[in-house]
Each structure stands twice: as structure tokens, then as C-alpha cells.
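Observations on the model geometry
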Amino acid sequence: MAIILGVDPGSRTTGYGIIRTGGRTTDYLDSGCIRVGERPMAERLQIIFQSLATLIAEFRPDEFAIEQVFMARNPDSALKLGQARGVAIVSAANSGLAVHEYSARQVKQAVVGKGGADKSQVQHMVQAILQLSRRPQEDAADALAIALCHAHMSQSVARLSGAAGQSVSTSRATARGRVRGGRMR
């Protein structure tokens, strides 16, 4: 079982979603939004950093996943988003967590099945996958989708590694002449 913290960074609202996954089960643990409003940027960044540090201390995630920066039309918005992402990443790194980054397209593809899905489709699928009684807020749904994407990608990599490992051991067994009666030992 692994606990995954997914973060959808924003300079005014940062979504977070926490899931536990293992084998074929995925459980919802918590989600929400860190709202910082119209404060000076330094205060906003401090609140994001401290809030995520508190969540990390409380839930003790094994994995941390965050959305990659996308190119915004407004350079000022892109810089503020980058700063919010930066403090989220530092909060995870300070806790010894490896940081995994996914594009919005990858997240939507993993959760909805198409990279061009809209926010309501993401919310709907997150609600369905995690069997939630109601739709999560947009930013929280995005963060949960990021966590789900990471869980999906991690499981895919593990399956591929396992398959590659089996192929290698099968090849070695065959090379050593361990095939008896048509079966590997």
C-alpha cells in the first residue's frame, strides 16, 4: 500500500488530494483546497508551503505528484504559478519525498481516457473512481486526478518491470537448459 499526495498548484488556490493505493484497490483519504486569497505573494507562498508540510506530517505520504507548468498567455500568471509549484515541491523535498510531475494532458488521459477532457469530466471520473458521495471541488478534483494518474503510471511501470524481469529470467532458464517436459522450473 502506498499513500500518494497529489497537488494542483495555484497562486490563489492550491488543490490537494490524498489517496491510498495497493494492488487493485484505491482508497480516498482526504482532499481540499488551500485558499490564500489576495495577500502579498510572500505570505501566499508561506501558507502553501506550511499547509502542505502539515498535510505531509499528518498523512505521511510515500509519493508526491504535481502537475507540470503549462505555458500561460499571461507571463505574470505563469510566474506566480511557478512560484506556487516551487514551494509545493520544496515542501515535499524537505520531507524526503521524490517529486513526480505529470502534464495536464497525461492526467486527463489517465483519469478520463482522453487528454482533452474538461474540468467537469475530470470531476465526474474522480468521483466515480474513488466512489465519492459528491463531486469534489475543481482544484481538489484535479489534485486527486494527479494522484490517480501517478498511481496508474506507477502500476504500469511495475507491470512492465515485472514482465521484463520474467522475460529475462525465462531467457536465462532456457539458456541454462532448465526446461523439462515443456515447463520452466
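So, how was this worked out
- Residues numbered from 1 in each chain as written.
- Predicted model: local features only at pLDDT ≥ 70, side-chain atom pairs only at ≥ 80, totals over all residues.
- Heavy atoms only, no water.
- UniProt positions renumbered as here; feature names shortened; annotations may be inferred.
- Salt bridge = Lys/Arg side-chain N within 4 Å of Asp/Glu carboxyl O.
- Helix = DSSP H or I, 4+ residues; strand = E, 2+ residues; numbered from the N terminus.
- Buried < 20%, exposed > 50% of the residue type's maximum accessible area, 1.4 Å probe, protein only.
- Contact = heavy atoms within 4.5 Å.
- Expected span 1.5 Å × (residues − 1).
- Lys, Arg positive; Asp, Glu negative; His and termini not counted.

With an unreviewed UniProt entry as reference, the protein chain is termed Crossover junction endodeoxyribonuclease RuvC, source organism Marinobacter zhanjiangensis. A UniProt comment under Catalytic activity (unreviewed entry) is attached to the protein chain, and it reads "Endonucleolytic cleavage at a junction such as a reciprocal single-stranded crossover between two homologous DNA duplexes (Holliday junction)." Recorded under Sequence similarities (unreviewed entry), the UniProt text for the protein chain is reproduced unchanged: "Belongs to the RuvC family."

Attention shifts here to the pattern of salt bridges. Considering all chains together, one arrives at four salt bridges under this definition. Asp76 serves as the salt-bridge partner of Lys80, at 3.3 Å between the closest nitrogen and oxygen. Of the two residues, Lys80 and Asp76 are both situated in helix α2 (residues 75-94); the distance of four residues between them amounts to about one turn of the helix. Note on Asp76: relative accessible area 42%, which makes it partly exposed. In this structure, the salt-bridge partner of Asp142 is Lys119, at a minimum N-O distance of 2.4 Å.

Right, let's talk about the UniProt feature "binding site: Mg(2+) 1" (unreviewed entry) in the protein chain for a bit. The UniProt record marks Asp8 and Asp139 with the feature "binding site: Mg(2+) 1" (unreviewed entry), using the residue numbering of this structure. Spanning 132 residues, the annotated positions come together in the fold, the maximum distance between their C-alpha atoms being 6.4 Å. Mapped onto the elements, Asp8 comes out in strand β1 (residues 2-8). In contact with Asp8, not counting residues within four places along its chain, are Thr13, Thr14, Gly15, Glu67, Asp139, Asp142, Ala143 and Ile146. Within the secondary structure, Asp139 is located in helix α5 (residues 138-175). Asp139 gets classed as partly exposed once you look at its relative accessible area, which sits at 22%. In contact with Asp139, other than residues within four places in its own chain, are Asp8, Thr13, Gly15 and Cys33.

End to end, helix α4 (residues 119-130) covers 16 Å across 12 residues, agreeing with the expected 16 Å (1.5 Å per residue, within 8%). After α4 finishes, the residue Gln131 shows a positive phi value of roughly 55 degrees.

Take the side chain of Glu67 next. Within the secondary structure, Glu67 sits in strand β4 (residues 63-67). As a buried residue without a salt bridge, Glu67 has its nearest oppositely charged side chain in Lys119, at a separation of 6.7 Å. Apart from the residues within four sequence positions on either side, Glu67 is in contact with Val7, Asp8, Pro9, Arg85, Tyr102, Ala104 and Ile146.

A few words on the UniProt feature "binding site: Mg(2+) 2" (unreviewed entry) in the protein chain. Mapped onto this numbering, the UniProt entry gives "binding site: Mg(2+) 2" (unreviewed entry) at Glu67. On the basis of relative accessible area, Glu67 is assigned to the buried category, the value being 14%.

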